[in-house]
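Residue-level structural notes
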Amino acid sequence: MNGGRRTAQEIADTLRERIRSGDLRAGQRLPTQAELAEEFGVERGAVRQALRVLHGAGLLSGVSKGSPPRIAEPAPALDEPQPTMVGLAPRLAEAFTAPHVRVDAVCLTAQSLTPALGEPLRLIHEGRVRPERIDVRVLLPSRDIDLAFPVSAAPRAPDQDPARHRDDDPVHRRWLAMRNAQGQVLQYNLEALRSTHGVEVNVTFRALPFTPPAKLYLLNGTEALYAYYMVTRREEPTDSGTLEMYDTLGSESLLFSFDQRAGRRDAAFVEQSQNWFDALWETIASDLTLSW
């Protein structure tokens, strides 16, 4: 198992993966530092450093005591529901500590996801986390459908051609510009990790034939974050006047967390959410190009 000397980060990554896979369970003690040092072919100092990394990530308890530390009980991902913009970033940062990061998202635009990825990207650039592979799949509404929201508050003429209406509608054009711009930024920021840090990155978008009534984020297949879109009537000033629309402020939607390790109920929700996403991705979703 040694396979040559390991760095402290490599030891931490290996132990973290054993915790995530269930090989090391909550409450179980780790092997002694001497046993870990022998397994990985390193000095005890490297083992102690790796244990500090895991303790800092909340995965170990009792590190400073004389006996080997225990695997920490999983804390709820979000003690209380928080606005998406607040709650998403720390969950993504934790997900990016895994060697293989998998993020699946269903959303209206990437308005919350793109800025929330700034935190794990910062940790990567600082060398505090270093995933080997990142796979991101995002389902967004197709540009060719009549959205349920955002939509103009003004009624549409009954004899107006739907396709012509979408092209002429400033609310639809505004949403499409946001969808494309935010998706392009997300894709660029992640794919840049290939050249800067040698990370294997795959970012893929597909189009949905409907407006999602809620947003869903699936992290490494073990956590589901869910938030309802709350539709409201609002106005937005533009250069050509004021847009009156039925819209949603997605970044303020309360984010509910379901963790696979938190019990049977949460585990079932995570599993069914992943199955639902995979089914949409493989069946009715279509190719999406982030352009006009």
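For the structure itself, look to the data block above.
Right, let's walk through the structure included here.

Here is what the cut-offs are and how they apply
Residues numbered from 1 in each chain as written. Predicted model: local features only at pLDDT ≥ 70, side-chain atom pairs only at ≥ 80, totals over all residues. Heavy atoms only, no water. Core = buried A, V, L, I, M, F, W, Y, C linked by side-chain atoms within 4.5 Å. Buried < 20%, exposed > 50% of the residue type's maximum accessible area, 1.4 Å probe, protein only. Helix = DSSP H or I, 4+ residues; strand = E, 2+ residues; numbered from the N terminus. Contact = heavy atoms within 4.5 Å. Phe/Tyr/Trp six-rings, centres within 6.5 Å; stacked < 30°, edge-to-face > 60°. Lys NZ or Arg CZ within 6 Å of the ring centre and 35° of its normal.

Membership of the largest hydrophobic core comes to 44 residues, with the highest contact counts inside it found for Leu92, Phe96, Leu113, Ile134, Leu186 and Leu190. Examining the composition of this core, we find that 5 residues originate from one element, helix α4 (residues 84-95), more than from any other. Among all residues touching Ile134, those that are not within four sequence positions of it are Phe96, Val101, Ile124, Leu193, Val199, Glu200, Val201 and Asn202. One finds Ile11, Leu15, Leu30 and Val42 within the second-largest nonpolar core, a separate group that totals 19 residues.

Quick look at the packing of aromatic side chains now. Applying the stated rule across the entire model yields 5 aromatic pairs. Relative to Phe269, the ring of Tyr226 has its centre 6.1 Å away and its plane inclined at 90 degrees; by these criteria the two rings are edge-to-face. Within this pair, whereas Tyr226 is found in strand β9 (residues 223-228), its partner Phe269 is found in helix α10 (residues 264-282), the two being separated by 43 residues in sequence. Given the relative accessible area of 27%, Phe269 is considered partly exposed. Ring centres 5.8 Å apart and planes at 20 degrees place the aromatic pair Phe277 and Trp281 in the stacked group. Within this pair, Phe277 and its partner Trp281 are both found in helix α10, separated by 4 residues, close to a single helical turn. Between the NZ or CZ atom of Arg137 and the centre of the ring of Trp281, over which it lies, the distance is 5.2 Å.

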